[in-house]
Each structure stands twice: as structure tokens, then as C-alpha cells.
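Summary of structural features
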Amino acid sequence: MCSSDLDPFAKRPKLKGVAERTLALPYVTKYMSESETMEGNPLGFPTSGAPTDASAAAGSSGREEEQASSTEKPTLYYMPIAARGEVTRMIAKTGGLEIEDVKTMGADVDKPSFGSPGSLPVFQHGNLKLSQSHAIVSYVLGMSPKFKSLTPGQKAKDLQFNAIMDDIMSGGVPFFFGKDPEMKQKIGEVLDKWFPVLEKIVPADGFVNGLKDPTGADYVIVVLYKGLTPFRVLYN
């Protein structure tokens, strides 16, 4: 995957196994081959070192759209990267829920109306507006034909993994964006805090929720394993 000594999968065979088993499924392989976001790098972040001033200051890109009406399908507004919105994309695509995936940097999205002071993702279905990736993942799990029958415990496990991914992002990304001279050490500390925890709680065989197919928790591991921005950027 990557050769950096920060690669958190290098010494964690159970995590890597979950990712590889999930990726081996035909419908996940299809998702990966069609994805415009798993390798997304819209601001041109370098794959090693700190971001340049130009990339950090880049402006909005992608299409912006008006709020969805009650007759339209669910709409996700998120950047074209594999981060807080990617698990929602994977759940919807592989779970049989058709959504409008608006890939946007968010400049023209009325984020406060969704309950967000300024960040993405946000989500709309009719009159329902949501911010916060955990709330969005929960809703999309419940709406997707493949996943709507998950038990409360299975759904909670998916949300637990999604929250851990969010903690990894919140812990590591600021050092990268801030061009911290000690970023390698500090990002390494974040990875060393969370990846041993994940390795301990994933199964050696099968999928996280013990079902015959992966669910949101397994998709989190795939995003951590394969997502370029920000995860593979951080590992490098």
C-alpha cells in the first residue's frame, strides 16, 4: 500500500485482512473501480511532506447544487475525497440506496441550515437536513435495503468504527495542514494510539459484525486502507 514506516497496516494483519476480504468482494471491487473519490486529491496535496502554501489555499471546485426538494432522492454534499463522507457513499452504493452524490468543496452550500458551522459532509432527504458524519451514516444504513435490517448492536458497531476514523482524522490532519515541523512524530503518535485498538477489536476471519457480508465498520477499514486523501497522505 505505502512504504512509509508510518503505514499503520504494515504490522496489523487482522486489520489488513478485513480490508482485503472486503475489497475482494465483486460489488466492492466494482465500487472501487468506479469511485472518483477514493483516489481524490482535489487540492493537490503532496503524498509526502507538508502541503504547499498554494495547495492549502486552493478554492472551491466541483459542482454546487440547490437544496433538494421533498420529491428528490437523498443528497450527500461532500468533498471529492475519501474521508468523512466516503463510508456513506460506500454504504449507499453497495446497499442499494440511490443518492445524489454532490462532490463539492462547500463554498456555495448553506451549511448552517444543516446544523454545521462550516464543515462537510451535510445531507438532505426531503425536509430532513443533517450534519455530522455519524448521523448521516446512521440514516443511510437505515435507508439502504441491504443494511436496514441490521440490529441496533450491529449498527452501533458501524458507528463506533466511523467515530474512530473521525478521531484519527481530527488527531492527525491538523499537524499536516499546519506544516508542523514535528508532524511525522505527532501523526505517528495518533496512528499508534488508534490502530492497535482497531487491531484488537477486529476479527481474524470474516467481517466485523460477524455477518456473511461487510457492513459500515468494514468499509471504514477499507477507507483507512485505500483512501488517498487524507489517510494515505498521512501515512507518507
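Treat the numbers as computed from the prediction; the structure is a model and nothing was measured.

In this section: the confidence of the model for the protein chain. Counting all residues, the mean pLDDT for the protein chain is 87, and 86% of those residues have values of 70 or more. In this model, residues 48–70 is a region of pLDDT below 50 whose contacts with residues beyond four sequence positions or in other chains number 54 contacts.

Moving on, we get to helix H8 (residues 216–226). Counting buried positions along H8 gives 10 out of 11 residues, so the element sits mostly inside the fold. Taken together, the buried positions of H8 are occupied by Gly 216, Ala 217, Asp 218, Tyr 219, Val 220, Ile 221, Val 222, Val 223, Leu 224 and Tyr 225. Residues of H8 that are buried make contact with helix H1 (13–23), helix H2 (26–34), helix H4 (86–95), helix H6 (152–177), helix H7 (183–201) and helix H9 (228–235).

With the rule as written, the count across this model stands at 13 salt bridges. With its nearest N and O atoms 4.0 Å apart, the salt bridge here joins Glu 34 to Lys 93. Residue Glu 34 is found in helix H2, and its partner Lys 93 is found in helix H4; the two are separated by 59 residues along the sequence. Here Glu 182 makes a salt bridge to Lys 186, at a shortest N to O gap of 4.0 Å. Salt bridges linked by common partners bring Glu 36, Glu 86, Arg 89, Asp 101 and Lys 103 together as one network.

Bringing the sheet that holds strand S1 (residues 75–78) into the picture now. Two orientations exist for strands paired in a sheet by backbone hydrogen bonds: parallel and antiparallel. Here four strands make up an open sheet; going across it, the order is S2-S1-S3-S4 and the pairing mixed. Strands with a single pairing partner mark the edges of an open sheet, and in this sheet they are strand S2 (100–103) and strand S4 (128–131). With direction set aside, neighbouring strand axes in the sheet form an average angle of 15°. For S1 and S2, the ladder comprises four bridges, and the chain directions are parallel. For Tyr 77, the partnering residue across the bridge sits in S2 and is Val 102. Of the strands in this sheet, S1, strand S3 (122–125) and S4 touch helix H5 (residues 133–143), which is tilted by about 130° from S4.

Turning to the pairing of S3, a few remarks are in order. The sheet contact formed by S1 and S3 spans three bridges and is antiparallel. Following the sheet pairing, Thr 75 is matched in S3 by Gln 124.

Turning next to the packing of aromatic side chains. The tally for this structure, following the rule as stated, stands at six aromatic pairs. With a centroid separation of 5.6 Å and an interplanar angle of 70°, the aromatic rings of Phe 9 and Phe 195 are classed as edge-to-face. Of this pair, Phe 9 sits in the segment before H1 while Phe 195 sits in helix H7, and the two are 186 residues apart along the sequence. Here Phe 9 and Phe 195 have matching classes, each one buried.

Rules used throughout
Residues numbered from 1 in each chain as written. Predicted model: local features only at pLDDT ≥ 70, side-chain atom pairs only at ≥ 80, totals over all residues. Heavy atoms only, no water. pLDDT = per-residue confidence, 0-100. Contact = heavy atoms within 4.5 Å. Buried < 20%, exposed > 50% of the residue type's maximum accessible area, 1.4 Å probe, protein only. Helix = DSSP H or I, 4+ residues; strand = E, 2+ residues; numbered from the N terminus. Salt bridge = Lys/Arg side-chain N within 4 Å of Asp/Glu carboxyl O. Pairing = 2+ DSSP bridges. Axes fitted to C-alpha atoms, helices over the stretch in contact; angles between N-to-C directions. Phe/Tyr/Trp six-rings, centres within 6.5 Å; stacked < 30°, edge-to-face > 60°.

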